[in-house]
Each structure stands twice: as C-alpha cells, then as structure tokens.
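Listed here are the chains, written in short residue letters.
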Amino acid sequence: MKTIHLALSAMLSLATTNVYADAVTAQKLADKYAAAAKKADSSYAGLSVDDGKAFFNREVIQFKGDVNNPGKAIACASCHTSNPADTGKHIVTGKPIKPLSPMVNAKRFKSMEAVEKNFTKHCNEVVGSDCTAQEKGNYIAYLLTEKTPTKK
C-alpha cells in the first residue's frame, strides 16, 4: 500500500512539474515581450492581465474587400472560447483546439519558436496585422491567470 502511495505521489509531482515548467516558460516569454514593449515605449507600465483579457475578447471585423460586405467579427475567443482553459473549436473547420492556458495545457508554451510562429499567423489572421510586444505580453499574462476549465 505504501508503494502505491509513493508511486502516485511521484506521478502527481511530475505532472505538476511539467505544468509549472511551462508556466515558467510562459512567464519568461511575457517578461521578454514586456521588456521589448518598454524599449519601444518608455511610458509602458508593464504587463496587464486586464488588457490581455480585453485583447483576447476584442472582436475585429474581417473585411473581404467590399465595404458593403465587410465580413464577420472575430476574436481570439471565437475559436478558443471565452475561457482559455477550455478546449476550443475552430470556427471554420470545427477542429478541436487544445486549451491556450499553460496552466491546463502543459505543451502550450513548450517551444518559444512555436509561440512566435503562432502569434505571427494568428495575429495576421484575426487582428489583420502583427501584434505588438505589449499585446503579446499582456495576452500571455492573461492566459497565465486562467487555471480552471469551465464545468459543462
């Protein structure tokens, strides 16, 4: 019985370490973006969870080249749900999307190169341009606060 408890404790500590490690990586990346934002604008006051949440939920109208048919409003939350700790679903393909929160998805911030590639792709798709360092840092700061999936 003691062996089972030790094995369970070891497995739980490994799982916790993996999530913690990715949260640490995410925080380091957010801090990197905050430093870049401060360098670009000396009045930048630092990471803002509230601004990150507002950015995540901000709807942008995607223009289709015709002012009479501007397209639909989309936001990060359109695919990732209003809670980044939940599993999302792509609004066009219906494909499931793993949670954005590094507190729930231990692989979300495993590679800084992948994070940067996804920011480039999705910022251009959703926002229509590259995201600023300030937006990226605030976005990650917000994701780090979302720890609990919505109960269904």
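Residues numbered from 1 in each chain as written. Predicted model: local features only at pLDDT ≥ 70, side-chain atom pairs only at ≥ 80, totals over all residues. Heavy atoms only, no water.

### Brief notes about the overall build of the chain
Looking only at helices and strands, one finds five helices and four strands in the chain. Listed N to C, the secondary structure of the chain is α-α-β-β-α-β-β-α-α in terms of helices and strands. Scored against the burial criterion, the 152 residues of the chain give a buried share of 32%. For the chain, the share of sequence-separated contacts (at least 6 apart) that also reach a separation of at least 24 residues comes to 55%. Accessible surface for the chain amounts to roughly 9800 Å². Of this, 58% is attributable to carbon and sulfur atoms. (Helix = DSSP H or I, 4+ residues; strand = E, 2+ residues; numbered from the N terminus. Buried < 20%, exposed > 50% of the residue type's maximum accessible area, 1.4 Å probe, protein only. Contact = heavy atoms within 4.5 Å. Areas by Shrake-Rupley, 256 points an atom, 1.4 Å probe, with all protein chains shown as cover.)

### Let's talk about the nonpolar core
Ranked by internal contacts, the top residues of the largest apolar core, which has 20 residues, are Leu29, Phe56, Phe109, Phe119, Tyr139, Ile140 and Leu143. Mapped by element, the contributors of at least two residues to this core are helix H1 (2–40), helix H2 (49–57), helix H3 (76–80), helix H4 (112–127) and helix H5 (133–143). It is H1 that provides the largest number of residues to this core, a total of five residues. (Core = buried A, V, L, I, M, F, W, Y, C linked by side-chain atoms within 4.5 Å.)

### A word on the state of the cysteines
For the coordinates displayed, the defined rule picks out one disulfide. A disulfide bridge connects Cys123 with Cys131, and the sulfur atoms are separated by 1.9 Å. Between Cys123 and Cys131, the disulfide has an S-S torsion of -105 degrees and is therefore left-handed. Cysteine Cys76 shares no disulfide, and the gap to the nearest cysteine sulfur, in Cys131, comes to 7.2 Å. We note that Cys79 lacks a disulfide partner, and the nearest cysteine sulfur, in Cys76, lies 9.0 Å from it. Looking at Cys79, the relative accessible area reads 15%, which means it is buried. (Disulfide = S-S within 2.5 Å.)

### A few points about the environment of Glu135
Relative to the elements of secondary structure, Glu135 occurs in helix H5. Spatially, the C-alpha atom of Glu135 lies 9.3 Å from that of Ser48, the residues being 87 residues apart in sequence. Not counting residues up to four positions away in its chain, the partners in contact with Glu135 are Phe55 and Arg58.

### A word on H5
H5 sits mainly inside the fold: nine of its eleven residues count as buried. Every buried residue of H5 is accounted for by Glu135, Lys136, Gly137, Asn138, Tyr139, Ile140, Ala141, Tyr142 and Leu143.

### What about the side chain of Asn105?
Assignment of secondary structure puts Asn105 in the loop between strand S4 (96–97) and H4. For Asn105, a relative accessible area of 11% gives the class buried. With sequence-adjacent residues up to four places away left out, Asn105 is seen in contact with Lys98 and Pro99.

### What about H2?
Of the positions making up H2, those classed as buried are Gly52, Phe55 and Phe56. All buried residues of H2 lie within an arc of 100 degrees about the axis, which places them on one face of the element. Buried-residue contacts for H2 involve H3, H4 and H5. (Arc of directions from axis to C-beta.)

### Side note on the confidence of the model for the chain
Any region with low pLDDT has predicted coordinates that should not be read closely. Residue-level pLDDT values for the chain average 84, and 80% of them are 70 or greater. Taken element by element, the chain is modelled with least confidence in H1, mean pLDDT 67, and with most confidence in H2, mean pLDDT 97. Low pLDDT, under 50, characterises residues 1–19; the predicted model gives this stretch four contacts beyond four residues in sequence or across chains. (pLDDT = per-residue confidence, 0-100.)

### Points about the pattern of salt bridges
Enumeration according to the criterion identifies one salt bridge in this entry. Of the charged contacts in the structure, one is a salt bridge between Glu116 and Lys136, with a shortest N-O distance of 2.6 Å. Highlighted residues: Glu116 in helix H4 and Lys136 in helix H5, separated in sequence by 20 residues. Lys136 gets classed as buried once you look at its relative accessible area, which sits at 10%. (Salt bridge = Lys/Arg side-chain N within 4 Å of Asp/Glu carboxyl O.)

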